[in-house]
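Structure assessment
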Amino acid sequence: MGMTENKPVIALMTDFGLADTYVGQMKSVIAARTSASVIDLTHSVAPQNVLHAAYLFSTAHPYLPDGAVIVCIADPGVGTDRSPIAVQWTRGYLVGPDNGWLSYLVRDVSAANAESAETPIPEGWTVAALENPAYQLTPVSRTFHGRDIFAPAAAALAEGTAIEELGPKRDSLVTLAVPMPVDDGGTVRGQVVHVDNFGNLITNIPSAYLGASILVSIAGGEIRGPAQSYQAKPFAALVGSSGVLEIAAPNANAARLLGIGIGAPVSVTNQPRLVTEPPKP
Amino acid sequence: MGMTENKPVIALMTDFGLADTYVGQMKSVIAARTSASVIDLTHSVAPQNVLHAAYLFSTAHPYLPDGAVIVCIADPGVGTDRSPIAVQWTRGYLVGPDNGWLSYLVRDVSAANAESAETPIPEGWTVAALENPAYQLTPVSRTFHGRDIFAPAAAALAEGTAIEELGPKRDSLVTLAVPMPVDDGGTVRGQVVHVDNFGNLITNIPSAYLGASILVSIAGGEIRGPAQSYQAKPFAALVGSSGVLEIAAPNANAARLLGIGIGAPVSVTNQPRLVTEPPKP
Amino acid sequence: MGMTENKPVIALMTDFGLADTYVGQMKSVIAARTSASVIDLTHSVAPQNVLHAAYLFSTAHPYLPDGAVIVCIADPGVGTDRSPIAVQWTRGYLVGPDNGWLSYLVRDVSAANAESAETPIPEGWTVAALENPAYQLTPVSRTFHGRDIFAPAAAALAEGTAIEELGPKRDSLVTLAVPMPVDDGGTVRGQVVHVDNFGNLITNIPSAYLGASILVSIAGGEIRGPAQSYQAKPFAALVGSSGVLEIAAPNANAARLLGIGIGAPVSVTNQPRLVTEPPKP
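First things first, this report covers the structure right here in the doc. What you are looking at is a predicted structure, and each value in this text was computed from that prediction instead of being measured. (Residues numbered from 1 in each chain as written. Chains lettered and ligands numbered in written order. Predicted model: local features only at pLDDT ≥ 70, side-chain atom pairs only at ≥ 80, totals over all residues. Heavy atoms only, no water.)

**Here we look at the packing of helix α1 (residues 22-31) of chain C against helix α4 (residues 145-158) of chain C**
For any two helices packed against each other, the geometry is given by the interaxial angle and the distance between the axes. All names here are of chain C. Contact geometry for α1 and α4: axes closest at 9 Å, N-to-C directions at 40°. Regarding the angle of α1 to α4, the classification is oblique. Crossing of α1 against α4: the hand is right-handed. Counting all contacts with α1, which are made through Q25, M26, V29 and I30, the residues of α4 involved are G146, R147, A151, P152 and A155. Residues belonging to the contact of α1 with α4 are distributed by class as follows: 6 nonpolar, 2 polar and 1 charged. (Axes fitted to C-alpha atoms, helices over the stretch in contact; angles between N-to-C directions. Helix = DSSP H or I, 4+ residues; strand = E, 2+ residues; numbered from the N terminus. Parallel < 35°, antiparallel > 145°, perpendicular 65-115°, else oblique. Left-handed = near helix turned anticlockwise from the far one by under 90°. Contact = heavy atoms within 4.5 Å. Nonpolar A, V, L, I, M, F, W, Y, C, P; charged D, E, K, R; others polar.)

**Details of the environment of Y104(B)**
All names here are of chain B. Mapped onto the secondary structure, Y104 falls in helix α3 (residues 103-110). When the C-alpha positions of Y104 and T175 are compared, they lie 8.7 Å apart, and in sequence the two are 71 residues distant. Excluding residues that lie within four positions of it along the chain, Y104 makes contacts with L51, A54, Y55, S58, V178, P179 and V193.

**Some remarks on the relation of the copies chain C and chain A**
Screw-axis analysis of chain C against chain A gives a translation of 0.0 Å along the axis, an RMSD of 0.0 Å, and a rotation angle of 120°. The transformation just described matches what one would write down for a three-fold rotation axis. Identified as the residue of chain C closest to the rotation axis by C-alpha distance is S37(C), at 5.0 Å. Of all interface residues in chain C, a mere 5% are interface residues in chain A too; the two copies therefore contact each other through different surfaces. (Least-squares fit on C-alpha atoms with pLDDT ≥ 70 in both.)

**Observations regarding the side chain of T34(C)**
If you trace the backbone, T34(C) turns up in the loop between α1 and β2 (37-42). Relative accessible area serves as the criterion here: at 6%, T34(C) is assigned to the buried category. (Buried < 20%, exposed > 50% of the residue type's maximum accessible area, 1.4 Å probe, protein only.)

**Observations concerning the interface of chain B and chain C**
Chain B puts 39 residues into the contact, and the matching count from chain C is 36 residues. Summed over both partners, the interface of chain B with chain C comes to about 2800 Å²; 54% of that surface belongs to carbon and sulfur atoms. Scanning the region where chain B abuts chain C turns up 0 salt bridges. Here chain B and chain C share 13 residue pairs in polar contact (both at pLDDT 80 or more) between them. Looking at the side of chain B that touches chain C, the elements that each hand over two or more residues are β1 (9-14), β2 (37-42), α2 (50-60), β11 (187-195) and β15 (236-239) of chain B. The element best represented in the side of chain B that touches chain C is β2(B), accounting for 4 residues. (Buried area = accessible area lost by both parts, 1.4 Å probe. Salt bridge = Lys/Arg side-chain N within 4 Å of Asp/Glu carboxyl O. Polar contact = N/O pair within 3.5 Å; in protein donor to acceptor, adjacent residues only side chain to side chain.)

**Concerning the interface of chain C and chain A**
Chain C puts 38 residues into the contact, and the matching count from chain A is 36 residues. Applying the counting rule to chain C against chain A returns 13 residue pairs in polar contact (both at pLDDT 80 or more). At the level of secondary structure, the elements contributing two or more residues to the side of chain C that touches chain A comprise β1 (9-14), β2, α2 (50-60), β11 (187-195) and β15 (236-239) of chain C. Top contributing element to the side of chain C that touches chain A by residue count: β2(C), with 4 residues.

**Observations concerning a nonpolar patch on the surface**
Taken together, the side chains of L18(A), L18(B) and L18(C) define a hydrophobic patch exposed on the protein surface, amounting to about 210 Å² of accessible area. Within the fold, L18(C) resides in the loop between β1 and α1. (Patch = residues over 30% accessible without salt bridge, like charges linked within 9 Å, V, L, I, M, F, W, Y side chains within 5 Å. Areas by Shrake-Rupley, 256 points an atom, 1.4 Å probe, with all protein chains shown as cover.)

**Quick word on the sheet that holds β1(C)**
Consider a sheet: its strands pair through backbone hydrogen bonds, and that pairing is either parallel or antiparallel. Residue and element names in this part refer to chain C. Read across the sheet, 7 strands follow the order β2-β1-β3-β5-β4-β7-β8 without closing on themselves; strand pairing throughout is mixed. Two strands close off the open sheet at either side, each with one partner strand: β2 and β8 (169-170). Relative to β8, strand β7 (residues 126-129) is paired through 2 bridges, and the arrangement is antiparallel. When the bridges of β8 are listed, V127 appears paired with R170. (Pairing = 2+ DSSP bridges.)

**Some words on α2(B)**
All names here are of chain B. The element α2 is extensively covered by neighbouring structure, given that 9 of its 11 residues are classed as buried. For α2, the set of buried residues is V50, H52, A53, A54, Y55, L56, F57, T59 and A60. A distance of 3.2 Å separates the backbone nitrogen of L51 from a side-chain oxygen at the start of α2, and that oxygen is part of N49.

Below, the structure written as structure tokens:
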């Protein structure tokens, strides 16, 4: 009953920043091949940090429409022997270097978490190495596969090209070890995995670990929670929009106030509440 | 006679920055619901600064096509009892928290300027509280109504959903006191309300207060004007693109050179000109 | 055989940054006039640096589809007597101030390289001064021709308006001296023309000058090359994605490590290789 018709969507995430024309060149290549809508997820992945890309990707992909083609590029190995790949999965397509940016997704789908090893592919997924020159720019540069390989592949998939056309099937995917919280009986130990634009400290501790009353240890101090909004003082320990514990300061930058960032340890102790309802597991 | 057909437009303004996937998540939610064109007005509102959002919104909305859905989010109160709202006004739709970002527009429309109070709604406007869960994500997070409430509401309005569908009618709007220039007989006193990317100092003094020859007092110095371009030396005092006085330095950053920023006082004295034509009012 | 139909494309490049609503205002004006797709090439041209705009433009335009309308604005002379122009060339349309941002393109097309002089127009190009008020906003501000003149002209061209409609024909174009490498017999001397988001130092020395074995002198040191990827240590001297020599540091910021930036001298000596194949010219 909508006024507009469905249109293919290509979503881009890179570590290119916006100060150069790199993202613009990718969008130009795409626009020359398809009228698909292009969405920027972010271009501020920490430079060449594949694990940061994997984390940011995990926060965004659930909201895209089925069928979306997601391109993710943090690619320190461009020009080496790492493979450019496309993946067809249950919800659409994934395009980028085979270097581990799918680690969070693969973990969630298959509970695999090997140490930077090649892992079997989750059931129902198809992986293709992007080797067909018909879907590459000529010549392919050594340093910018985003423009020369990934953008034309994404455009082709958005236009309905079968993934098998793009290159030969692959039997494995590179995954990296994703930092996981550890529950050592009463205390859950995790870490900060992202600091957002507001200075909020995003951890890797999911809400399932948090009871109705918690004590968070971070940066040498303690915060009671969970808070109900960012306005709790002096710090708010609450479940953020990605379903994990985050630490914020009302109208201020918690990362700067606490002097910590990515990798900082965080632990949570669930506390008994003097109320009738039991803590939720 | 154009080659392209009219398409609904959704315009986004936030304080989210582009370093996270927050804006990308909103665009993903929108793309899953409509093929409307999405325009970024800016995502660099000063963090949690509703008055800055109100100012920036006032500079951009006049240029959007009729029917546009404008989403504006600087939302320090997310998760508290501030209301999420949509407004139907004479030129389209406005979506965001009811916290005052419409203050410049309401002032211009109805000359209301109460001190952070709830004000009557301008004639012909309809305001709805965004309470219908059919137009929200499930579950609604406590911290990211941009994704969970405002993006789906904007998509629904772009697709032609009646505003009454989104939730119950409201009778008032929160407005903030907008900094207004004061004319004390000969001298107009105002302030800097924005510093742009070039370091130009944008004031709240409209061109209507400026005669054919003016003397501007700022940062302890004086500048004659109005200049005809940014090339006036050492500083150009001229009417900028939003119709207000701004102070620039040719090929340089005036804010840095003068050592001032938002909130700095500015005054203007109209001067007699030794020419035949009288100063314009 | 694609699922989507061809749509006109407008590509934007400015020095406006994204912290203000300037780019958003241009996009609003465009959206009010056409449903053409809008692509951001970059908005981080060094402020008011026309030569930097010319360089960045040269890196991006080859990838846009034929027929694209490219708007490029680094415009220190806005409000002075510099002309706003549109150009119809072999691959589409170019819109912006007549101040030299087309210098790289004109050089490549016609090998012209006069010192900041007006040059004849390459064969087959049409240049129009944007003087027709029917394709301008009313009133035209003194400071923001991007919104008031260039955006409506770009939208008109995307909608199929003939360039002759926009204003009178012009017989010349302003060009600036483009920094060119000098070959003094065995050693090619050039300079850094751009530092990208990763800190890679982009030079003006094309791959045609680089043999199979080179010695690069930069920042008082020497680097052997060309490398095959960014992973060469301690520095990689390689042909980058624009076909020119660039210097990178693996997983690090070469500009910061070497303490140099735009304008730094670079020289290359081709070296004999102890292999059967001769160095490529």
